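Residue-level structure breakdown
These are the residues of each chain, in order.
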Amino acid sequence: MQSLNDHLVVLPDSPDGARVHRRLGDTAPRSVAHASGRPWLAGSWSPEDLVVSEAGPVRVAVHGLSPVGQDRLDALTRTVRELSDLDALARSLPGNTHVIASAHGWVRFQGTVTGTRAVYTALVDGVPIAADRADVLAGLTGAEPDEDLIAASVTYGMLFAPLGERSWWRGVRQVAPDSCLLLPTAGPARDVRWWQPPEPDLPLDPGAAGVRERLREAVALRRPDGRLSADLSGGMDSTSLCFLAAEHHPDLLTFCWTGGSAINDDPVYAAHAARLLPGAQHLSVPDTDAPPVFSPPYWAVDTEAPRAATRGMNAIRYGIRHLVDHGATRHLAGHGADELFTGGAAYLRTLFRHRPVTAWRQLSAHRALNSWPLLPSLAGLLRGGDLGTWWRQCADDLARTAPPSRGPALGWGERLPATPWATGDAVRTTQRVFHEVAGRIVPLARDRGQHEALTALRSAGPVLRLVCREYTASGLPLELPYLDDRVVEAVLAVRPHERYSPWQFKPVLATAMRGLVPGTILDRTTKGDCEEPVDRALQEHVPDLLDLFEDSRLAHLGLIDPDRLRTTLITPPRTEDVWSAQLEATIGAELWLREIAARPGAFAARPGAPAASTERTLSGTGRPGRAPHPEENP
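The following refers to the structure shown. Residue numbers run consecutively from 1 along every chain, following the written order of its sequence. pLDDT decides what is reported in this predicted model: residues at 70 or higher carry local features, side-chain atom pairs at 80 or more are listed and counted, and totals for whole chains, interfaces and linings draw on all residues regardless. Excluding hydrogens and water, the side-chain values take into account all heavy atoms of the structure.

**Side note on the pairing of strand β3 (residues 39-44)**
Most of β3 sits inside the fold, with six of its six residues counted as buried. Only strands that DSSP links by at least two bridges are regarded as paired with each other. The helix and strand labels rest on DSSP assignments: H or I over at least four residues marks a helix, E over at least two residues marks a strand, and numbering proceeds from the N terminus. Alignment of strand β1 (residues 7-10) against β3, held across four bridges, turns out to be antiparallel. Counted as the bridge partner of Val10 is Leu41 from β3. As paired elements, strand β2 (residues 30-33) and β3 share four bridges and run antiparallel to each other. Residue Val32 lies in a different strand from β3, and its bridge partner there is Leu41. Working definition: with a 1.4 Å probe on protein chains only, accessible area under 20% of the residue-type maximum means buried, over 50% means exposed, and in between means partly exposed.

Have a look at this one:
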């Protein structure tokens, strides 16, 4: 993953594109030309992160982590006659990359299907250009933060797809992860959907065999110049990566936090797995040695977007220092596996139409596991309601003072009330934004389970993209093999009712890793609990959080009520409270606004407004509902 200073700007093959390139100046020390000789790619990147091939008028570049070498990319590029041929080329590449092409006066730019690598576009002096970072384009255009999106984040917490895929800068637009951006020599840019999820029709065993092959390939291509490290929490996700990595790196350095709540048995399973990796060095760190979650200092290092997962970054930085001190130069983590291998029971809605007996049997199992009443379960299975209606219901629920009753999870997702400290203006803005989404949204797949999986993955991708950049900024690039496109496709090809079986935990991953990972890990029926120390740390650091919001930029924008935030934080939490993820999103938005304000001149005032107004405004005195938390061992 790229560092905070790395960026890639993509320019059209035109005199106007060359003029924009001259504006970049010293911020773009590297460049690559179109066949015409005009600038095509510009920015700052490590030489090993970009491979470029030429075949007559065609140029193809792969940016990011990929095993493709010059010879192979040259061979692939020779097969490209027109831009649509890039579909097959992109599908043949493992890893986590941007793919960029220049051919016959057109430019094509695409990222990953989960959004871990994104594509943004904006008009600079009337010229459509693109970049892999929104804040780079914001700096070129003088864009301002999107206060509507900030309001929605404060009001609702984690913004899941498609809202979470929206740029946080006005005038800068993010391209959907399943689409590519086309830049012509003249005229507007346009999006073209190039990727469709596979039909989920593979039975478990052959599907899991494909997952094992793709995951083994994804781990093998992570070849650091120095030492590879990996999380080893004792859970299935991270442990599987460790055993795959040990095939190529027997001197693997593993990392495990010990501690947690009194019922956390993760360290027991991690120790068992470690004994079966005799060539590896195992680093165990008591979680009591690290800064507690929600503890100061509070700071952000990225201006692209607010962090949705903020509570444990100081502990993460502490762990990174330990790994770097022990020689680690690249780190593997299992983030994204929960979104990939687990899901709710929404798939039963589609399954019921085709295999009603199987759907009924699995619904009965879900009812037994979750204590769902019979009649609401049947109603959830049979009830209609499209995705737009669900978003409108989310908007209506923001006016509630308590969350909707938790019935069977057979709909489009969990709905939440507004955060207690969101102002009326913030709530009304969020309702308007949700209604705008409802008016144009369509499901991401025909199968309801497939839609749920894609929504979770595309909600986690933007969150984890920022986490990866913070790792790199701390000196240890973070790799997430579960979110590689080819791995995602292999998992999504498995039938949802076998992928999300109520009788087994993560059956696809467990079947794929059988014979490689110890059965005690794959057959584990418990999950480590870290919430007790989190709740305790939150209460201990309430005074620090109140200090953080003492002179809040969010309050100056009219989006939070500091008194209600104070009351909420000092009131002992109740079991039914659901605002912890929303608190993290609020912290992330506050820190982001402060980081922007600390960079004078980087972002200009909105068009038509005096520059002082921006300074006064900003500097003044998944699964839906929960962000993935990187400090939790997967």
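So much for the structure itself; the text now carries on.
**Topic: the packing of aromatic side chains**
In this scheme Phe, Tyr and Trp rings, the latter by its six-membered ring, pair at centre separations within 6.5 Å, and the angle between planes marks the pair as stacked below 30 degrees, edge-to-face above 60, and tilted otherwise. This model, assessed by the stated rule, comprises 12 aromatic pairs. Where Trp169 meets Trp592, the ring centres are 5.3 Å apart and the plane angle is 70°; that geometry is what we call edge-to-face. Taken together, the residues Trp169 in the loop between α5 (147-156) and β10 (173-174) and Trp592 in helix α25 (residues 580-597) connect sequence positions 423 residues apart. Like Trp169, the residue Trp592 is buried in the burial classification. The rings of Tyr156, Phe160, Trp390, Trp391 and Phe434 are connected pair by pair, giving a single aromatic cluster. The rule for a charge over a ring is simple: NZ of Lys or CZ of Arg within 6 Å of the ring centre, and within 35 degrees of the ring normal. For Arg317, the ring lying beneath its charged end belongs to Trp299, and the centroid distance is 3.9 Å. Stacked on the ring of Trp412, the Lys or Arg Arg448 has its end atom at 3.6 Å from the ring centre.

**Here's the deal with the layout of surface pockets**
When its volume is computed, the second largest pocket comes out at roughly 710 Å³. In this structure, the second largest pocket is lined by 31 residues; those nearest its centre are Pro162, Glu165, Ala176, Arg440 and Arg458. When contributions to the lining of the second largest pocket are tallied by element, the ones reaching two or more residues are β10, β12 (190-193), α14 (387-397) and α16 (448-473). Of the residues assigned to the lining of the second largest pocket, the class counts are 17 nonpolar, six polar and eight charged. A cavity, in this analysis, means grid points on a 1 Å lattice covering only the protein atoms where a 1.4 Å probe fits yet has no way out; a pocket is instead an open set bounded by protein on both sides within 12 Å along at least five of seven lines, and a residue lines either one if it has an atom within 4 Å of a point. Grid points are joined across faces, edges and corners, and a volume is the space filled by probe spheres set on the points. For this classification, the nonpolar set comprises Ala, Val, Leu, Ile, Met, Phe, Trp, Tyr, Cys and Pro, the charged set comprises Asp, Glu, Lys and Arg, and every other residue, Gly included, is treated as polar.

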